[in-house]
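# Chains, contacts and geometry: an overview
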Amino acid sequence: MQKVAIITGASRGIGRACAIKFAKEGIKVIANYNKSEESAKSLKEELKNQGIEIEIFKADITKKDEIKQMIEFALNKYGKIDILINNARNITNKTFY
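What this report covers is the structure whose coordinates are included nearby. Small disclaimer: the values here were computed from a predicted structure and weren't measured.

Each helix and strand in the protein chain was counted, giving three helices and four strands. Listed N to C, the secondary structure of the protein chain is β-α-β-α-β-α-β in terms of helices and strands. The C-alpha radius of gyration computed for the protein chain amounts to 13 Å, which stays within 12% of the reference 13 Å derived for 97 residues, consistent with globular compactness. Judged by the C-alpha coordinates and their principal axes, the protein chain covers about 40 × 25 × 15 Å. In the protein chain, the proportion of contacts linking residues at least 24 apart, taken out of those at least 6 apart, comes to 64%. Summed over all atoms, the accessible surface of the protein chain reaches about 6,400 Å², with 49% contributed by carbon and sulfur. With 18 positive and 12 negative side-chain charges, the protein chain shows a separation of 3 Å between the mean positions of the two kinds.

Here it is, written out as structure tokens:
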């Protein structure tokens, strides 16, 4: 059974590189983005042109409800989450819970 990964901040930089590497290794990738929709779509298209499918999902990782929706999406689509890479930058002075 294939592994499933959520990678936050996956539309650019290190997150994008991780998404590409994981997808090429056969891992099902859900690439999270927040503000960089065009970059996320570009990532998906780049991999699609190589015969590799990934999912992109918009969620602000500072908002608990949006994180929950992303997790629910992954579980509904693949039934599990094996890997989580918390790459997105979150600068805040408030507690999360």
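Next, the rest of the story.
This next bit is on helix H3 (residues 64–78). It helps to recall that an α-helix has 3.6 residues per turn; residues three or four apart then point in one direction. When the terminal C-alpha atoms of H3 are compared, their 21 Å separation across 15 residues agrees well with the 21 Å that a helix rising 1.5 Å per residue should span. At the exit of H3 stands Gly 79, carrying a positive phi of roughly 80 degrees.

Attention shifts here to the sheet that holds strand S3 (residues 55–58). Ordered by their spatial adjacency, four strands build an open sheet running S3-S2-S1-S4, and the pairing between neighbours is parallel. The open sheet has two free edges, formed respectively by S3 and strand S4 (83–85), since each of these has just one partner strand. Mean inter-strand twist for the sheet, computed between neighbouring axes without regard to direction, equals 20 degrees. Sheet strands in contact with helix H2 (residues 37–48) are strand S2 (28–33) and S3, and its direction is about 170 degrees off that of S3.

Let us now look at a nonpolar patch on the surface. Taken together, the side chains of Ile 71, Leu 75 and Ile 81 present a nonpolar region at the surface, about 210 Å² in accessible area. Its location among the elements puts Ile 81 in the loop between H3 and S4. Overall, Ile 81 belongs to the partly exposed group, its relative accessible area being 32%.

For the structure shown, the criterion picks out one aromatic pair. Ring plane angle 40 degrees and centroid distance 5.1 Å describe the contact between Phe 57 and Phe 73, whose orientation is recorded as tilted. Here Phe 57, found in strand S3, pairs with Phe 73, found in helix H3; they are 16 residues apart in sequence, far enough to count as distant. On the basis of relative accessibility, which here comes to 16%, the residue Phe 57 falls in the buried class.

Most of S2 is tucked away: five of the six residues are buried. Note: strand S1 (residues 4–7) against S2, four bridges, orientation parallel. By the bridge assignment, Val 4 is partnered in S2 with Lys 28. Crossover S1 to S2 through helix H1 (residues 13–24) is right-handed. Pairing analysis gives four bridges linking S2 to S3, with the strands arranged parallel. Counterpart to Asn 32 in the pairing with S3 is Phe 57. Between the parallel pair S2 and S3, the chain is carried across by H2, and the sense of this crossover is right-handed.

What counts and what doesn't
- Residues numbered from 1 in each chain as written.
- Predicted model: local features only at pLDDT ≥ 70, side-chain atom pairs only at ≥ 80, totals over all residues.
- Heavy atoms only, no water.
- Helix = DSSP H or I, 4+ residues; strand = E, 2+ residues; numbered from the N terminus.
- Rg over C-alpha atoms; globule rule 2.2 N^0.38 Å.
- Contact = heavy atoms within 4.5 Å.
- Areas by Shrake-Rupley, 256 points an atom, 1.4 Å probe, with all protein chains shown as cover.
- Lys, Arg positive; Asp, Glu negative; His and termini not counted.
- Charge placed at Lys NZ, Arg CZ, Asp CG, Glu CD.
- Expected span 1.5 Å × (residues − 1).
- Pairing = 2+ DSSP bridges.
- Axes fitted to C-alpha atoms, helices over the stretch in contact; angles between N-to-C directions.
- Patch = residues over 30% accessible without salt bridge, like charges linked within 9 Å, V, L, I, M, F, W, Y side chains within 5 Å.
- Salt bridge = Lys/Arg side-chain N within 4 Å of Asp/Glu carboxyl O.
- Buried < 20%, exposed > 50% of the residue type's maximum accessible area, 1.4 Å probe, protein only.
- Phe/Tyr/Trp six-rings, centres within 6.5 Å; stacked < 30°, edge-to-face > 60°.
- Right-handed = clockwise from strand over helix to strand, strands pointing away.

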